[in-house]
Amino acid sequence: MSKRIEVNDLNVYYSKFLAVEGVSLTIEPRTVTALIGPSGCGKSTFLRTLNRMHEVIPGAYVKGEVLIDGNNLYGPGVDPVLVRRQVGMVFQRPNPFPTMSIGDNVLAGVKLNNRRMAKSDADDLIEKSLRGANLWNEVKDRLDKPGSSLSGGQQQRLCIARAIAVQPDVILMDEPCSALDPISTLAIEDLIEEMKADYTIVIVTHNMQQASRVSDRTGFFNIAGTGKPGRLIEYSDTTTIFSNPSIQATEDYVSGRFG
Amino acid sequence: MTTIVARDTIRAPQRAGDRIFSTATVVAGSLILAVLAAVAAFLLVQSLPAFVATPADFKGDAANFWAYVWPLAFGTLWSALLALLIAIPLAIGIALFISHYAPRKLAQGLGYIIDLLAAVPSVVFGLWGIGVLAPLLQPFYTSLVEWFGWIPLFAGPVSGTGRTILTVSIVLAVMVLPIITAICREIFLQTPVLYEEASLALGATRWEMIAMAVLPFGRSGIISASMLGLGRALGETMAVAMVLSPSPQVIFALLTSQNPTTIAANIALNFPEAHGTGVNILLATGLVLFVITLAVNMVARVIINRRKAFSGAN
């Protein structure tokens, strides 16, 4: 299921404004890659280009290519809708649909492809996905309750269950723990560790301990100043980035001597 | 002991601004209740003679008040229902177009035009119904009866003027369209980006995103908007009075020259020449309209509350 991502010389624009410049990197399957860097340096923007979610913002477009197992996401005739079914996403704020039950939330993405699903298949998939997100035991007795009745950490795991229910190749996480308490954060981090066996995961985080705990590879983004484009400064094994980075800016950032 | 506790209870300091503001809101809240109570009391007192009126007091051949008011109540609900059936899907479509499909500049212009429609006086709509819409629709009605006459709704004989309950309902639909559209548009624009992105990230198309996030989130708003529209359709007087020549019966057929009229239109048509108990009877029909509107709104409230936990408000 998991696939390799290759990014070649990617530029991201918001209308005329160049937001991210010249990103090239390769993400191996079944790894966790963390993207770190100061606010506004384009990590989230870059993350969104991996499933074309940046196109939701009017005027945003990219130049360059993103290959998932050799297929260019930005090739002619590629449907962003299909890209997003392949590359799932978890957002900063937990966003289970408040108008749906917990069970329906899990099935939300699956039902887009497959409207008529046998009840038993649906129940199996709900259980499998919720187990995959370490949430099954907490919610199995109240699958018909609204998704908004859960705590923040549970809601975020419900969102992860919803994302893995469609069996994507890649899962993108945009600061998935920044709205959560430390215990819930730990639960998500454990989950990321387990999910690595099946998926390629890319996670944006402001928490450097988190990056060093969960990721195999780390990319450091930075901007030269306001109005300048964000760039990928250094991309390497997580241990290298945090113990022996080759670029001074990276070392300043990870050691807290930034700015 | 208890007295000491009572004395030591800490009271929040009272600020002048707070007090003025809370008094103002209480006054405003009470005022609307008082006005409503006054109208209800007036209607109730004035209606009482109607309930014991003799057959001679009624226009037409009704035996008592209930026989008199029933076709009118039916006509009111029937025309309002038809109007809403036409207006709600159209309003949701327009609102979605403005909020999610149209380019921003076009959306704004369209929004203004819709709001403008709400400011047109109902007499104008009535004249438009008689002068433009009825003649325009008449040939269409004729073929409808010709081909689909076997469906009871479209049973003949077709009206020669086109001034039928369906024409009235279309006029009413145009009249209630702006308010439903305006509210739906606002509601749809309020859909949190959070949920729209959630569905898009799952691989939803634009329409699937709307069906998954926007419409469920706006559900209670759509119902409330429809209720406001229904209120206007139920109470609309001039347009109905001008377009229809009433025959007080319960008729479902949409295209014949025999059409039930509405309570409000009936009051407007008969009030100038009513006297004595006749006035009381007309006011009693007004009371019935009042009760119908109240009941419809309560039903809507129940529908909204039934799935409150899933409304997205928490």
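This is a predicted model, so every value here is computed, not measured.

Quick notes on the rules
Residues numbered from 1 in each chain as written. Chains lettered and ligands numbered in written order. Predicted model: local features only at pLDDT ≥ 70, side-chain atom pairs only at ≥ 80, totals over all residues. Heavy atoms only, no water. Helix = DSSP H or I, 4+ residues; strand = E, 2+ residues; numbered from the N terminus. UniProt positions renumbered as here; feature names shortened; annotations may be inferred. Phe/Tyr/Trp six-rings, centres within 6.5 Å; stacked < 30°, edge-to-face > 60°. Buried < 20%, exposed > 50% of the residue type's maximum accessible area, 1.4 Å probe, protein only. 1 Å grid on protein atoms, 1.4 Å probe; cavity = no way out; pocket = protein on both sides within 12 Å on 5 of 7 lines; lining within 4 Å. Points joined across faces, edges and corners; volume = space filled by probe spheres on them. Nonpolar A, V, L, I, M, F, W, Y, C, P; charged D, E, K, R; others polar.

K.L.:
Which residues make up unusual backbone geometry, and what are the values?
P.N.:
Residue and element names in this part refer to chain A. Within the chain, aspartate 9 stands out as a residue other than glycine whose phi angle is a positive 45°. On the secondary structure map, aspartate 9 appears in strand S1 (residues 5-14). Here glutamate 175, not a glycine, exhibits a phi torsion of approximately 45°, which is positive. Counting through the fold element by element, glutamate 175 comes out in the loop between strand S7 (170-174) and helix H7 (182-195).

K.L.:
So what's going on with the UniProt feature "domain: ABC transmembrane type-1" (unreviewed entry) in chain B? Which residues, and what values?
P.N.:
With numbering matched to this structure, UniProt assigns "domain: ABC transmembrane type-1" (unreviewed entry) to residues 73-300 of chain B. End C-alpha to end C-alpha, residues 73-300 of chain B measures 19 Å, and it is 76% helix and 0% strand.

K.L.:
Please provide a residue-by-residue account of the packing of aromatic side chains, values included.
P.N.:
Residues and elements named next belong to chain B. Counted by the stated rule, this structure contains 14 aromatic pairs over all chains. Taken together, a centroid distance of 6.0 Å and an interplanar angle of 20° make the contact between phenylalanine 74 and tryptophan 78 stacked. Taken together, the residues span about one helical turn, with phenylalanine 74 and tryptophan 78 both in helix H3 (residues 65-101) at a distance of 4 residues. Each member of the pair, phenylalanine 74 together with tryptophan 78, is buried. The interplanar angle of 35° and the centroid separation of 5.9 Å between the aromatic rings of tyrosine 195 and phenylalanine 217 together place this pair among those described as tilted.

K.L.:
Give a detailed account of the layout of surface pockets, specifying residues and quantitative values.
P.N.:
By volume, the largest pocket is sized at about 920 Å³. Every residue lining the largest pocket is counted, 31 residues in all, and those nearest its centre are Pro58(A), Ser99(B), His100(B), Tyr101(B) and Arg206(B). Taken together, the elements giving at least two residues each to the lining of the largest pocket come down to helix H2 (80-86) of chain A together with H3, helix H4 (104-118), helix H6 (165-189), helix H7 (193-201) and helix H8 (206-235) of chain B. Take the lining of the largest pocket: its biggest share by element is 6 residues, from H4(B). For the lining of the largest pocket, the residue count by class is 17 nonpolar, 6 polar and 8 charged.

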